[in-house]
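Now for the letters of each chain:
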Amino acid sequence: MAEKPEPIEPGAASAPRRCSWELGCESAALAVALLAVAAVFLLLSPLHSAELYPGTLPWRSGSVLRTITAAMSLGGLLESARGVEAKDLALHLAAAAGLMLVGLRLLAGGVGRAQGPVAYAQGLLGGWVLLSLASSAWSGDAALSSGQALMYAVGVAWAVALAELLTRRSATRLLVGIMGLCIAGAMLAVWYYYERNPDHRPLFPVGNPTALAAAVAPGILLALFWPLWGRNEPGIPTVPGAEPLPTTWRVSATRVTVTLLVLIPLLWCFALAQGRGAQLGLLLGLGVVGLTFARRWVRWVLAAGLALIVWAAAAWWLSSSQLDLAMARGATIRFRLYAWRYAAELWSADVFTQFAGQGAGAYPRLAGLLAVEDRVLDPAPFMGFLDSPHNELFHVLAEIGLIGGLTYVGGLVATAFAVGAALRRTRGADRWGLLAATGALVTLLGDALTGAALRLPGVPILFFTLLGIVWALSSDAAVRPSGPTPALGRIRLAGILALLAGLATAGLAWQNWAGVRAEVRAMRAEERGDFATAATAYRVAQARLIDPPRILLSRLQAVRMEYEGAVARAQQWASLPATTTAADPTSAEETWRAAVRLGEAAFDGARQLAAHAPAMPDVERLTARSAELLMRLYAARQLAEAGHWSEEARQAWLRQRKLTPFDVEALLSLEEYPATLGTRIALMRDALREGTTESAWLWRLARVLELPGAQEVVGRFIAAVGPITPQSDLDAINLSMAPETRRLAAAVAGLRGDFDRAAVEAGRAAELYAPLKSRLPLNESRAWAEQAEYLWRSSTTNTSQAIAAMRRALDALPVVQTQQRAALELPLRRKIVFCHLLADDVDAALAEVKAILGPAAERAAVEAELLAVLRDAAAGLVARETIDQLARTLCPRFPSFCPPGTPVAP
């Protein structure tokens, strides 16, 4: 039966008849879109490790949430390394399905819907994708550039497919579905937070707190305006210049009530996630919706007012930023300012990069090189890999330059023009639906100005889905141009191309997921010690993944596995007994050569990776370790070759120190190589910036102090920082290394037995660290803890002063989430217990143990904690006689501490 033609709307030159194929494709697109958005909140990739997320509480008996989580994980079907890769897979498959549906629709006789500003927007964003792909020619790493371009292409293709397939009715239904899924995700996040992870900002089920806030924000805005567009009464486009026809439209009290109810979990989750970028984005989204109802002159006033509000909110954002090392939130504001500056420096490096950029995927390769000086002055913000500037526009400009930035911004501006044109032609509920979708899209764009959620799994699905909805609503409200219909041959050719693009996207999804599975295989092989298989699997992963940071990390892991394999083979060779070596020299030679071959492969791999990505963390560390391994292997056979590898190792450690100036391992390793006495002592001092005066460091210092003239060098170091006080300029305190010099002086005095002087120097170091708390959050606490140790070493009568110093160390710890705070406090509290035991105050020691374990701790747990206290003290170079004496003190109350043969009272 022939389809009944739809009535031609006023203002439209023609309305093409919609066949069953078109209706079927529209329904299928709606279903695919709902499934894709559901993947953001309801689909998990179970982590390879046993725990879904770190720091979680044990499951409650009979927990319903546990059953729901297992269902969301599909029984472990989509296991992955980070737990969120299934969301990327959902986007890739949705884009593939969307493109194939577009192809089927065109082959069935449909015509393209994009026209005017929407067509320009799609063309400009398509140019953004092509420029990213073209940057492979000059980026220096074609794999990263093509991978980044493919990620952009998948998102744009999904938005274009939705714009072609959805009508006003189905797009409105999809908005309702998005709102409902955001509500479901928010409820799950709040539930999981209180049942399993109350000490962390919620990240379940999206995988990152800031991404969770960004994912929930569109739901808040859609819910706010749902009573106005939920009825979905048909809007009536009008001919330009004609009076608009009346529209039947009213606000339902029931919908208002439902909105107030559903906003509770949305706002609750949003507040727990503390996404300050999402808060600014939501403010921008609401402001954009409000501006559309004002007259032109009023819009300028409101825009200025909105800018002032945003400025005030940003100022509050800056001033309210507090130090919180949990979940990578330490000094986040300063980190963004640094990251934005690095993007600007990469963009403005020369004339070519200003127009064409460094190449897609270049920021994570290069940005770390620009952070060296800032790491010296302000190390707290740099807690990990610099993979994004946390500003989408800056990221685009840095990687594909001004031309690429213009295509990206131009696509968004053209979208805004399309929305404006559509708003002039719609009335009533349809107008509110378009405004709600646009506001939700602006919310995500606002969040992208201060965050990286658009480059994390999950949020890109929402962004490109909303973009496709806005395009669809704008196209549906547009006046159809008069003119001949495109030739049937051209339409079918476009359909065939769309089908082929869909198949290619499906292949891309399969390829990327193969890389994800290769990562899991590599992790399993590493766990069982099969480093060769792990290295091969990581090489497969780097060849198949498309996300640039993931590619770089897979390359790094492959090199690390090669190094671990070389270490294992070297240990196998070193463990061969002399009798076996003499009886079968061929086998020993083969083992040695295999170790050398693996070591050289690891060294070469690390050097190649350093050449492509010099800012990658740990790459020079692996280079140095591999060279040192080869140095040890050659030391017994070829001294000249061993000397060559020794120099390679030294140079690698120097490069690692240049990249991370206070890397403790690099500094202590460089101290092993020939250098002047002043340089060696300076290396020991610098290692205290991020390290402690633990036994290994003290042993090295004692060895250096035995050299002639060492005391004089230390004296010159102390004299040089004499003028530095806590009132000095912060940069002066930092660059002079005055606090570390005072700690070095304390350690030197302690090794001489002058513990009173050591305690004074440690106290001076703590006072110098106090004004640097925001830059070096842990060091003041370390210095007070060191003073406490010097005090009790001075005399057991000083234990009360030592305990007071340890309390100051506890108070100086940064404000972090509960579990991390407990981990930082534990060694300090154990030292307080130790001091109470030294003072023969067992009751006070037991009270402190109860404070650590909780008042309901059982006797066995108390004994285990006391044993840990003595074990930590022994590891801290406390004399064995002192440990034995403390054990005898505990013997009357805890028989397990009594020497063998001691009679035990009943």
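Because the structure is a prediction, the values reported are computed rather than measured. Residue positions within a chain follow its written sequence, with the count starting from 1. At least 70 in pLDDT is required for a residue's local features to be given in this predicted model, at least 80 for side-chain atom pairs to be given and counted, and no such filter applies to totals for whole chains, interfaces and linings, which use all residues. Just so you know, side-chain values use all the structure's heavy atoms and leave hydrogens and water out.

### Overview of the overall build of the protein chain
Okay, so step 1: Helix and strand counts for the protein chain stand at 37 helices and 0 strands.
Okay, so step 2: Think of it in three bands: residues with accessible area under 20% of the maximum for their type are buried, residues over 50% are exposed, and the middle band is partly exposed, with areas taken using a 1.4 Å probe on protein chains only. Residue burial in the protein chain is summarised as follows: out of 906 residues, 54% are buried.
Okay, so step 3: Sequence separation of 24 or more characterises 76% of the internal contacts of the protein chain that already satisfy a separation of 6 or more.
Okay, so step 4: Areas reported here follow the Shrake-Rupley algorithm with a probe of radius 1.4 Å; residue values treat only the protein chains shown as occluding. Carbon and sulfur atoms make up 62% of the accessible area of the protein chain, which amounts to about 38500 Å² in all. Helix and strand definitions follow DSSP, with helices as H or I runs of at least four residues and strands as E runs of at least two, each counted in order from the N terminus. Any two residues whose heavy atoms approach within 4.5 Å at even a single point are treated as in contact.

### Let's talk about the environment of Gly287
Okay, so step 1: When you line up the elements, Gly287 lands in helix α9 (residues 276-291).
Okay, so step 2: Owing to a relative accessible area of 16%, Gly287 belongs among the buried residues under this scheme.
Okay, so step 3: When the C-alpha positions of Gly287 and Thr443 are compared, they lie 9.9 Å apart, and in sequence the two are 156 residues distant.

### Things to note about unusual backbone geometry
Peptide bonds are trans in most cases, and residues, glycine excluded, mostly fall at negative phi.
Okay, so step 1: Pro205 follows Phe204 through a cis peptide bond whose omega is 5 degrees.
Okay, so step 2: Its place among the elements puts Pro205 in the loop between α6 (168-196) and α7 (209-229).
Okay, so step 3: Backbone geometry at Asp840 places phi at a positive 60 degrees, although glycine is not the residue there.
Okay, so step 4: Along the chain, Asp840 turns up in the loop between α34 (818-838) and α35 (842-853).
Okay, so step 5: The exposure class of Asp840 is exposed, given its relative accessible area of 56%.

### A word on the confidence of the model for the protein chain
Okay, so step 1: In the predicted model, the protein chain carries a mean pLDDT of 86, and 87% of its residues have values of at least 70.
Okay, so step 2: Under a pLDDT of 50 for its full length, residues 1-17 has, in the predicted model, 21 contacts with residues more than four places off or in other chains.
Okay, so step 3: Known as pLDDT, the predictor's per-residue confidence is scaled from 0 to 100. Low confidence marks residues 232-248, where pLDDT is under 50. Its contacts with residues over four positions away, or in another chain, come to 31 contacts.

### Quick word on a nonpolar patch on the surface
Okay, so step 1: Like charges are joined within 9 Å and nonpolar side chains (Val, Leu, Ile, Met, Phe, Trp, Tyr) within 5 Å, but only among residues with over 30% relative accessible area and no salt bridge; these make up the patches. The salt bridge definition used is simple: a Lys or Arg side-chain nitrogen within 4 Å of an Asp or Glu carboxyl oxygen. A grouping of Trp21, Leu104, Leu107, Leu493, Ile496, Leu497, Leu500 and Leu503 is seen on the molecular surface, where their side chains present a nonpolar patch of about 760 Å² in accessible area.
Okay, so step 2: Of all the elements in the fold, those that place two or more residues in the nonpolar patch are α3 (85-107) and α18 (488-527).

### Brief notes about the side chain of Asp663
Okay, so step 1: Its location among the elements puts Asp663 in the loop between α24 (639-659) and α25 (664-670).
Okay, so step 2: Given a relative accessible area of 12%, Asp663 falls into the buried group.
Okay, so step 3: Between N or O atoms, a polar contact is any pair within 3.5 Å; within protein, one atom must be a potential hydrogen donor and the other a potential acceptor, and residues adjacent in sequence are included only when both atoms are from side chains. A distance of 3.2 Å separates a polar atom in the side chain of Asp663 from the backbone nitrogen of Glu665.
Okay, so step 4: Of note is the side chain of Asp663, whose polar atom sits 2.8 Å from the backbone nitrogen of Ala666.
Okay, so step 5: Non-local contacts of Asp663, meaning those with residues more than four positions away in its chain, are made with Arg621, Gln656 and Glu690.

### Thoughts on the pattern of salt bridges
Okay, so step 1: For the structure on display, the rule yields 45 salt bridges.
Okay, so step 2: Between Glu85 and Arg550 there is a salt bridge, with the nearest N and O atoms lying 3.3 Å from each other. Of this pair, Glu85 sits in helix α3 while Arg550 sits in helix α20 (residues 548-574), and the two are 465 residues apart along the sequence.
Okay, so step 3: With a shortest N-O distance of 2.7 Å, Glu865 and Arg830 are connected by a salt bridge. Taken together, the residues Glu865 in helix α36 (residues 859-875) and Arg830 in helix α34 connect sequence positions 35 residues apart.
Okay, so step 4: In this structure Glu865 comes out as buried when scored by relative accessible area, which is 7%.
Okay, so step 5: Taken together, the salt bridges that share partners define one network made up of Asp618, Arg621, Arg625, Asp663 and Glu665.

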